[in-house]
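# Report on the structure
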Amino acid sequence: MDITILTRMAHDIEKNIPVHDETYLRISEHLVKFWTPKMRSDFYQYVVSNRTEFGSTMNKVVDELRAKANA
Amino acid sequence: MTILSDPRGTMPMRSGIGEPDYGTPKSNSEVMVSVTIDGETHLVPEGTSVMRAAGESGCAIPKLCATDSLQPFGSCRMCLVEIDGRKGTPASCTTPVEDGMVVRTQTTKVAKLRKSVMELYISDHPLDCLTCSANGDCELQDMAGVAGLREVRYGMDGKNHLDAPTDSSNPYFSFDESKCIVCNRCVRACDEVQGTLALTIEGRGFNSKVSPGGLNFLSSECVSCGACVQACPTATLQEKSVIDLGMPTRTVQTTCAYCGVGCSFNAELRGDELVRMVPTKTGGANEGHSCVKGRFAWGYASHSDRITKPMLREKITDEWREVSWDEAIQFTATKFIAIQEKYGDNSIGGISSSRCTNEEIFLVQKMVRAAFGNNNIDTCARVCHSPTGYGLSTTYGTSAGTQDFKSVAHSDVIVVIGANPTDAHPVFASRMKRRIREGANLIVIDPRKIDLVESAHISADYHLQLQPGTNVAVINSIAHVIATEGLIDEEFVAQRCDPGPFKRWRSFIELPENSPEVVEAQSGVPAEIIRQAARMYASGKNAAIYYGLGVTEHSQGSTMVMGMANLAMATGNIGRDGVGINPLRGQNNVQGACDMGSFPHELSGYRHVSDNAVREQFEMLWDVKLMSDPGMRIPNMFDNAISGEFRGLFVHGEDIAQSDPNTMHVEKSLKSMDLVVVQDLFLNETSKFAHVFLPGTSFLEKDGTFTNAERRINRVRPVMAAKNGKQEWQIICEISQAMGYDMHYENAAQIMDEIADITPTFKGVSFAMLDEVGSVQWPCNDAAPEGTPIMHVDGFVRGQGQFMETPFVPTEERSNRKFPLLLTTGRILSQYNVGAQTRRTANVTWHPEDVLEIHESDAALRGIVDGQKIAVSSRIGETILTATVSNRVPAGVVHTTFHYPLSGANVITTEFSDWATNCPEFKVTAVEIRPADSSTAPLNDLEAVLTKA
């Protein structure tokens, strides 16, 4: 799947989930609940190489989900 | 003494085979009164008419102007009775029973009066009973017999109406004025039942006649709902199919396959030929009413375009080749298996259809999960109400509307947001309009001036005519007013809602950025109108929200659903009659498609595939290992097809090439696949890219259930034999078996038994149960054996209601210098979705092509006049439509429908979608228009349009 589509989807999620103490959990749940494993792994890979394109919460989500997937 | 709660009497009938007509509506009073009729004493609810009490007791009183779907009128004088202690002979229809009343219905005096009245009627009526189309189904004929009429003393040669003309302008029914007895039933049906008020009685005395506003029926305001035809006691208003084919002789009760109202109909047949569809009075959703689609537009089922034999081709450029079912099934299975062997288990998937039955949908998702071995199943609800599922699940705990349709009769304030019920859900709209005529307040939030804003005896108190794409800003500003002006129902919130999220929401919603004054600049809605509408919603005793695709088909569709849910919780408008959050589902079985587990992340009953306990239940029942990760959504399938990862698709009853956004992108993805299997009634846009075509069954051939927008599970019964020789669930079983997964059922009832077995909210449902009670609303289980008309009564499904913050994020699709107008799309009354059904009926009379509504100032600016061909272009593509200059849309906004493939409305819609569900943003596309010229591709050459774009 085209990575630009995935990143657009991720940016949409970032913009629409308000920033507060549960944001991390909501974004994380959303990716796990609705994205296929392939979409997630492609996206994680992209984020790792393009950190500045996303906010700190999305980076944290990706790091933790990636670690979980690799565990 | 008999208590007449179970009427045993039957009366002369008109409204469908087997349905009694008691003359006046049922009283809902719980107070019982005693009445003695012809020597027998009965208890009836207070408010019951003498006519109805007599009818229910088995003493049928003659009548002509009375029918139990209408208020009593008292004009025909056939129902006269004698009542002890009363002077004269009152009309039994307009006389309510009083406690202790003694009534005599069959005296010499009233018999003589009735006979005299009948003589007058017959003296001005054609005596052609034997050749009349209503012979055997005519109340006038029946009453002449009941009155014992043997002669007409006045003769037949006096002044009469026997030469009055017949109006045959309507394609479905005729109006033979010579047979009219001016009973007013048609006029009252149009007023009371439909609420269009298109008919009137013109003239006085002998010159009185029914008139569609001085015009013929076709050119009048008549919406062809059929209520007048239903009400007519003679052959004056008669279905043309009855005139052509003769009176039906048997009936099968089933459910309409058009919109999400899910009307019950009696399919009336003569032999094996369907003669007419008559709305069922006992139908829970429609209670005897219908619209032009359900009542009349069923001819597509027998249209010559129907494909009834399976077809194959190796390449999409080859000609179709008819094959046997065995060959088609084997080809399909072998190809799917080969693709998976080469590209992996995840390389194929399926799309289920909301036009199919619960049983068929359940099996399609079962086939994908069990036989395909992945979760790549999605449903066309993706492109309409998936945000409803997300939003209502998050806030309330389940993906469904909160009320039954009847609830609207208790609403004091009705808010309609992004919906156009009079066109898209007309039978429910009639209920809504009735309540508004009774005095309920109405708030419409819509970019267009829909009919509800201003029509006969209906006027919205507030029309918030917002810019497309600003729903969330407006709903937030309404909530802001409620929160900052002390209008929150603190007691409800404290008792029923999670306090943490509420506190956070309150802080958010009170921010100045959500104030009407700020939102006015974003939405174009005056701040004071927002404030007044908010106060009206919050202070009404019972306030209900009804919404449609104008809410969901946005980049913030899910946010908007949560915003409305917040509003209902904040004001305590949840959990009783007259309130709630009510999605008006687009297709007949959108609710069912979602319930049955056809989203890639959920099994039936909205349980996530990652839930080990749930998955184990399915694995044990299906004897197969299931995947625990979500599969692809429809847009993911398209994108992955283009990138080469997704190679095979089973499309069940859905024309994705016409209905999904960005047609070029969809077509490119379909062309990229190795195998596209389409199961449908007709060759459609998607089948142009298919390798296998499996003929499907129409709703008249199906055996199963549909679930409507109020969660009502209704039986769909086969009216005629399947034209393709197989039920669709059988075909799905055969593909699964050919792929190595043993799926077998004896009948559709067994499938429902499995659904009930594995789905907690369906636990109590079975065909036998539905056949006994008619219909039931889920949840239907041990906790609610009779179903659940209203949800969240004592608590939310998720426990406490969860407020969600709903920040307004403007769509990236904005008007600019190149594309200065915003296009929004919708439906029209006579057509349905991609038009595959309605385009193959006489409904094309009203809507032969999609048109573009454009405001007069925008039209003038571009030199465009009404009826002119115009090119509509977006950054995605270009198409051609005919302009309709109209002030229904504000300046800067244009609107079209998507019922015709040639107009290709989705050629220009974009890839933007809801952030949470990927429901396409159909409702906002920046466009420019110009008069079509020689450089513009012709209307009938979509390929050229596509190429040029």
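So, how was this worked out
Residues numbered from 1 in each chain as written. Chains lettered and ligands numbered in written order. Predicted model: local features only at pLDDT ≥ 70, side-chain atom pairs only at ≥ 80, totals over all residues. Heavy atoms only, no water. Helix = DSSP H or I, 4+ residues; strand = E, 2+ residues; numbered from the N terminus. Rg over C-alpha atoms; globule rule 2.2 N^0.38 Å. Contact = heavy atoms within 4.5 Å. Buried < 20%, exposed > 50% of the residue type's maximum accessible area, 1.4 Å probe, protein only. Pairing = 2+ DSSP bridges. Salt bridge = Lys/Arg side-chain N within 4 Å of Asp/Glu carboxyl O. Polar contact = N/O pair within 3.5 Å; in protein donor to acceptor, adjacent residues only side chain to side chain. Axes fitted to C-alpha atoms, helices over the stretch in contact; angles between N-to-C directions. UniProt positions renumbered as here; feature names shortened; annotations may be inferred. Core = buried A, V, L, I, M, F, W, Y, C linked by side-chain atoms within 4.5 Å. Phe/Tyr/Trp six-rings, centres within 6.5 Å; stacked < 30°, edge-to-face > 60°. Lys NZ or Arg CZ within 6 Å of the ring centre and 35° of its normal. pLDDT = per-residue confidence, 0-100. Domains from an automatic or database assignment. Parallel < 35°, antiparallel > 145°, perpendicular 65-115°, else oblique. Left-handed = near helix turned anticlockwise from the far one by under 90°. Nonpolar A, V, L, I, M, F, W, Y, C, P; charged D, E, K, R; others polar.

Bringing the overall build of chain B into the picture now. A count of helices and strands for chain B gives 29 helices and 38 strands. For 949 residues, the compact-globule estimate of 2.2 N^0.38 gives 30 Å, and the C-alpha radius of gyration of chain B, at 29 Å, lies within 12% of that figure. Over its C-alpha atoms, taken along the principal directions, chain B stretches across nearly 90 × 70 × 65 Å. Taking the contacts inside chain B whose residues are at least 6 apart along the sequence as the reference set, 72% of them involve residues at least 24 apart.

In summary, the side chains of a regular strand alternate between the two faces of the sheet. All names here are of chain B. Of the two faces of strand 5 (residues 101–104), the one holding Met-101 and Val-103 is buried and the one holding Val-102 and Arg-104 is not buried anywhere. As defined by bridge partners, strand 2 (residues 32–37) adjoins strand 5 across three bridges and the pair is classed as parallel. Paired with Ile-37 across the strands is Val-103, a residue of strand 5.

Moving on, we get to the interface of chain B and chain A. Listed per partner, the contact involves 28 residues of chain B and 24 residues of chain A. Across the chain B-chain A interface, the total number found is four salt bridges. Between A:Lys15 and B:Glu812 there is a salt bridge, with the nearest N and O atoms lying 3.1 Å from each other. At the boundary of chain B with chain A, the tally comes to six residue pairs in polar contact (both at pLDDT 80 or more).

Our next topic: the environment of B:Val229. In this fold, B:Val229 is placed in helix 5 (residues 227–231). Counting along the chain gives 43 residues from B:Val229 to B:Cys186, while the straight-line C-alpha distance between them is 7.0 Å.

Right, let's get into the sheet that holds strand 32 (residues 775–777) of chain B. In a beta sheet, neighbouring strands pair by backbone hydrogen bonds and run either parallel or antiparallel. Residue and element names in this part refer to chain B. On the basis of which strands lie adjacent, the open sheet formed by three strands has the order 30-31-32 and antiparallel pairing. In this open sheet, the two edge strands, each paired with only one partner strand, are strand 30 (704–707) and strand 32. Going across the sheet, the axis of each strand differs from the next one's by a mean of 30°, ignoring polarity. Pairing of strand 30 with strand 31 (residues 712–716), which is carried by four bridges, proceeds in the antiparallel orientation. The residue of strand 31 that forms the bridge with Phe-706 is Asn-714. Contacts between helix 9 (residues 358–372) and the sheet are confined to strand 30 and strand 31, with strand 30 contributing the most and set at about 90° to the helix.

This part covers the side chain of B:Ser913. If you trace the backbone, B:Ser913 turns up in the loop between strand 37 (893–897) and strand 38 (925–931). A relative accessible area of 12% means that B:Ser913 is categorised as buried. Side-chain polar atoms of B:Ser913 contact the side chain of B:Asn918, separated by 3.1 Å. Apart from the residues within four sequence positions on either side, B:Ser913 is in contact with A:Asp12, B:His554, B:Ser555, B:Asn918, B:Cys919, B:Pro920 and B:Glu921.

This part is about the UniProt feature "domain: 4Fe-4S His(Cys)3-ligated-type" (unreviewed entry) in chain B. Sites flagged by UniProt as "domain: 4Fe-4S His(Cys)3-ligated-type" (unreviewed entry) map to residues 109–148 of chain B. Secondary structure across residues 109–148 of chain B divides into 57% helix and 0% strand, with the first and last C-alpha atoms of the span separated by 14 Å.

On to the environment of B:Arg437, then. All names here are of chain B. Looking at the secondary structure, you find Arg-437 in helix 12 (residues 426–437). Along the sequence, Arg-437 and Ile-751 sit 314 residues apart, while their C-alpha atoms lie 44 Å from each other. Contacts of Arg-437, omitting those with residues within four sequence positions, involve Asp-191, Glu-192, Gly-195, His-457 and Ile-458.

All names here are of chain B. In terms of nonpolar packing, the biggest core is built from 69 residues, with Phe-173, Leu-237, Leu-274, Ile-414, Met-432 and Leu-442 touching the most fellow members. Sort the elements by how many residues they give to this core and helix 12 lands first, with four residues. Apart from the residues lying within four places of it in its own chain, the contact partners of Met-432 are Val-408, Ile-414, Val-416, Pro-421, Leu-452 and Tyr-546. Core analysis: the next-biggest nonpolar cluster, separate from the first, contains 67 residues, Val-323, Leu-363, Tyr-606 and Ile-732 among them.

Residues and elements named next belong to chain B. If you walk through the whole model with that rule in mind, you get 25 aromatic pairs over all chains. Note on Phe-492 and Phe-796: the rings are 6.5 Å apart at their centroids and 90° apart in plane angle, and the pair reads as edge-to-face. Placement of Phe-492 in helix 14 (residues 490–496) and of Phe-796 in the loop between strand 32 and strand 33 (821–826) is noted, with a sequence separation of 304 residues between them. Given a relative accessible area of 5%, Phe-796 falls into the buried group. Within the aromatic cluster, the residues linked to one another by ring pairs are Tyr-172, Phe-173, Phe-175, Phe-217, Phe-296 and Trp-846. Directly above the aromatic system of Tyr-343 lies the positively charged group of Arg-647, at a separation of 4.3 Å from the ring centroid.

Predicted coordinates in areas of low pLDDT are best not read in detail. Residues and elements named next belong to chain B. Of the residues in chain B, 96% have a pLDDT of 70 or more, and the chain-wide mean is 94. Contacts from residues 5–15, a stretch scored under 50 in pLDDT, to residues over four places away or in other chains number 42 contacts. Within the model, the stretch residues 938–949 combines pLDDT values under 50 with 24 contacts to residues more than four positions away or in other chains. The ipTM assigned to the predicted complex is 0.96, against a pTM of 0.94.

In this section: the sheet that holds strand 6 (residues 166–167) of chain B. Residues and elements named next belong to chain B. The strand order 6-7-10 describes an open sheet built from three strands, whose pairing is antiparallel. The open sheet is flanked by strand 6 and strand 10 (237–239), the only strands paired with a single partner. When strand 7 (residues 173–176) meets strand 10, the two strands line up antiparallel, connected through three bridges. From the neighbouring strand, Phe-175 faces strand 10, where its bridge partner is Leu-237.

The element helix 4 (residues 185–194) of chain B is largely enclosed, with a buried count of eight among its 10 residues. Those residues of helix 4 of chain B lying buried are B:Arg185, B:Cys186, B:Val187, B:Arg188, B:Ala189, B:Cys190, B:Val193 and B:Gln194.

This paragraph deals with the domain arrangement of chain B. Entries for chain B in the domain assignment read domain 1 (32–126), domain 2 (166–302), domain 3 (325–384 + 590–777), domain 4 (386–583) and domain 5 (821–948). For domain 1 of chain B and domain 5 of chain B, the distance between their C-alpha centres works out to 56 Å.

All names here are of chain B. Running from N to C, helix 13 (residues 471–484) and helix 17 (residues 527–539) cross one another at 65°; their axes reach a closest spacing of 9 Å. With respect to their mutual orientation, helix 13 and helix 17 come out roughly perpendicular. Considering only the axes of helix 13 and helix 17, their crossing is right-handed. Touching Ser-477, Ile-478, Val-481 and Ile-482 of helix 13 are Ile-530, Arg-531, Ala-534, Arg-535, Tyr-537 and Ala-538, all from helix 17. The residue inventory of the contact of helix 13 with helix 17, partitioned by class, reads seven nonpolar, one polar and two charged.

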